Every structure is written in structure tokens, then in C-alpha cells.
Amino acid sequence: MGWGEAAEVIVIILLFGPPGCGKGTQAAFITRRYRFPAVSTGEVLRAEVKAETDLGKAASAIMAAGGLVGDDVINPMVAKRIAQPDCARGFLLDGYPRTVPQAEFLTELLAARGLPKPVAIHIDVPAAAIVARITSRRQCPACGKIYNTISQPPLVEGICDADGTALITRADDTEEVVRKRLRAYEEATGPVIEYYRRDGIHRVDGTRTPTEIRQEIEGLLPPASSAATAQ
Ligand code: AMP
């Protein structure tokens, strides 16, 4: 598939993946490469809560309980955000769409604004691998540095390289909590991934190294130079 010769390529990326799949790392790389924003609905909501806006007040209890904020709130919020000038060359959506009605809304919104279909990417990591990854995570309680006993161990077992403090396991990095988070993700996002399958969602094997994942994602996207030179 070619991306055409036009200099002004608008790229819209949807990034899906379970908690712990490395989505944050890949989102950072994509937004650096294209110089456009990552719009995270969770972050927009947290800012509204902090600013104590009406929206924030309505959302805060739902968020605290781990529920989903209503589509009637989220959809206009996204519509407003992606109309901002910094999204003119494209954007990455993180945490949206999270329901099929949100996905349907987004399809109509992009069409109504004459924007291209999004490139949907699913960073797929089996539950067992996520559990292994997260339960082997250790953190320094003093400086916050994160280690992994499998992929990124400290020089001396159980001790922070930077300041010699004994490393700890975070309370929410237990198998039980991780499995609960994964189930919630699967329930909410499974049908949305199914929705995008008809337009060809790209499955990327997230069990490989961040560099390998990055290279595969790069191959799915148009060249950054053409997008970055757009006005
Ligand atoms: P996140 O940082 O993406 O995990 O989002 C934090 C919280 O914000 C979620 O637990 C939901 O309560 C809410 N939220 C974020 N994005 C959405 C969305 N697309 N639809 C509904 N609720 C959302």
C-alpha cells in the first residue's frame, strides 16, 4: 500500500493495547516522530477534575470507581480537542475509543471533517506475558527508578543502582490486581478492536523488544517527513 505523493499527509493513529504492553513508550516515539499530540482522554479528564470544572466534577466519582465516563461527555470532549490547531497535521488517540458507540461517533466525526480513516494499531501481548512483566517490576522507593528482574535487572539484586536503596514491589503490581485490570481492559476494548477489524486493524506482536515493535509500527505509517512538512 502506498501513501501517495502528497506532501500534506494527515495521520490519525489509534493505539490499543492492554496495560503493561508498552503503549506509552510507542506513543512517545510516534508523537516525537510526527510532532503531533497524543490525545489521552484519561489525561484530559484528569485535568478537568483537577481544575474542578463541571465536567471534572461529573467525571471524578466515575473515574475513582474505575467505571467509564458516559459517551455523551467523552465524544464532544474529543471533538473539541481534535479541532485544536495542534491536531491539524494529525494526532494519536490513546484511551479512545473505548466503546463501540465512541468508535461509531469517531468514524462519523472524521468523515464529517474530511479527515482520513485512522490507522488502528493493536499492540498485542498475551495475559500471561503481561502478568510476568508486571509482577517482575521493582521500584526504588527513594528515587522512583523502575527495574525489571527479567528484562532490566539492577546491578546488585534487590538494590537500586542509583542510590543503594532496597527495591520494592508496588502494591498494585500483584498478579491479582494485574489480572483484574486485564479483564476490565478485555471487556471494554475487545468489541472496539472487533469494530476496527473490518477496516484492517494492524496487530503488532508486543512480546518483542521496544525497538522491534517500533520498527514494525514505523512500517505501518507514512513517512514522517511528508507529514512533518505539512503546513
Ligand atoms: P486512562 O488514563 O485512559 O486509564 O483513563 C482513566 C479513566 O478515565 C478511566 O478509568 C475512565 O473512567 C475514564 N476514561 C478515559 N477515557 C475514557 C473513554 N474513552 N470513555 C470513557 N471513560 C474514559
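As a reminder, the structure under discussion sits directly above these lines.
Here goes a summary of the coordinates provided. The structure presented is a predicted model; accordingly, all values stated were derived computationally and were not measured. (Residues numbered from 1 in each chain as written. Predicted model: local features only at pLDDT ≥ 70, side-chain atom pairs only at ≥ 80, totals over all residues. Heavy atoms only, no water.)

**Let's talk about the overall build of the protein**
When helices and strands are counted, the protein shows 9 helices and 7 strands. Compactness check: the protein gives a C-alpha radius of gyration of 19 Å against a globular reference of 17 Å for 231 residues, within 12% of the reference. Counting only C-alpha atoms, the protein reaches 55 × 40 × 30 Å along its principal axes. Within the protein, the proportion of its 231 residues that are buried is 37%. Across the protein, the fraction of contacts at a sequence separation of at least 24, relative to all contacts at a separation of at least 6, is 71%. A total accessible area of about 12,600 Å² is found for the protein, and carbon and sulfur atoms account for 54% of it. (Helix = DSSP H or I, 4+ residues; strand = E, 2+ residues; numbered from the N terminus. Rg over C-alpha atoms; globule rule 2.2 N^0.38 Å. Buried < 20%, exposed > 50% of the residue type's maximum accessible area, 1.4 Å probe, protein only. Contact = heavy atoms within 4.5 Å. Areas by Shrake-Rupley, 256 points an atom, 1.4 Å probe, with all protein chains shown as cover.)

**Concerning the nonpolar core**
The nonpolar side chains of soluble globular proteins are, as a tendency, buried together. If you look at the biggest cluster of nonpolar residues, it comprises 27 residues, and the most contacted ones within it are Phe 16, Leu 93 and Tyr 196. Secondary-structure elements contributing two or more residues to this core are β1 (11-16), α4 (71-81), β3 (90-94), α5 (100-112) and α7 (175-197). The element that contributes the greatest number of residues to this core is α7, accounting for 5 residues. Not counting chain neighbours up to four residues away, the residues in contact with Phe 16 comprise Lys 23, Pro 97, Ala 120, Ile 121, His 122, Ile 123, Tyr 185, Thr 189, Val 192, Ile 193, Tyr 196 and Ile 201. Among the nonpolar cores identified, the runner-up in size contains 26 residues, and Tyr 34, Val 119, Ile 134 and Ile 217 belong to it. (Core = buried A, V, L, I, M, F, W, Y, C linked by side-chain atoms within 4.5 Å.)

**A look at the sheet that holds β1**
In sheet architecture, strand pairing relies on hydrogen bonds along the backbone and comes in two forms, parallel and antiparallel. Pairing is parallel across the open sheet formed by 5 strands, whose spatial order is β2-β3-β1-β4-β7. Of all strands in the sheet, those with a lone pairing partner are β2 (38-40) and β7 (202-205), marking the two edges. Geometrically, the sheet is characterised by an average inter-axis angle of 25 degrees between neighbouring strands, direction not taken into account. The pairing of β1 with β3 spans 5 bridges and is parallel. In the strand pairing of β3, Ile 12 is matched with Phe 91. (Pairing = 2+ DSSP bridges. Axes fitted to C-alpha atoms, helices over the stretch in contact; angles between N-to-C directions.)

**A few points about the site of the ligand**
Around the ligand lies a shell of 13 residues, among which Thr 41, Arg 46, Gly 67, Gly 95 and Gln 102 are the nearest. A distance of 3.1 Å separates a nitrogen atom of the ligand from a polar atom in the backbone of Val 69. Protein contacts shield 82% of the accessible area of the ligand, which totals 480 Å² for the unbound molecule. Among the elements that make up the shell around the ligand, the one with the highest residue count is helix α2 (residues 41-50) (4 residues). For the shell around the ligand, a count of residues per class yields 6 nonpolar, 5 polar and 2 charged. (Near = heavy atom within 4 Å. Polar contact = N/O pair within 3.5 Å; in protein donor to acceptor, adjacent residues only side chain to side chain. Nonpolar A, V, L, I, M, F, W, Y, C, P; charged D, E, K, R; others polar.)

**Let's talk about the environment of Thr 189**
Position of Thr 189 relative to the elements: it lies in helix α7. Residue classification places Thr 189 among the buried residues on the basis of a relative accessible area of 6%. Separated by 64 residues in the primary sequence, Thr 189 and Val 125 place their C-alpha atoms 14 Å from one another.

**Side note on the pairing of β1**
In terms of burial, β1 is a largely internal element, 6 of the 6 residues being buried. Pairing geometry for β1 and strand β4 (residues 119-124), over 4 bridges, is parallel. Its bridge partner lying in β4, Leu 15 is registered against Ile 121.

**A few points about α4**
Along α4, the positions that sit buried rather than exposed are Ile 74, Asn 75, Met 77, Val 78 and Ala 79. Those residues of α4 that are buried are in contact with α2, α3 (54-64) and α5.

**Looking at the environment of Thr 31**
Within the secondary structure, Thr 31 sits in helix α1 (residues 23-34). According to the relative accessible area criterion, Thr 31 is buried, its value standing at 16%. Considering only alpha carbons, one finds Thr 31 and Gly 90, 59 residues apart in sequence, at a separation of 9.7 Å. Those residues in contact with Thr 31 that lie beyond four places of it in its chain are Phe 36, Pro 37, Ala 38 and Leu 92.

Taken by themselves, the reported measurements are silent on function.
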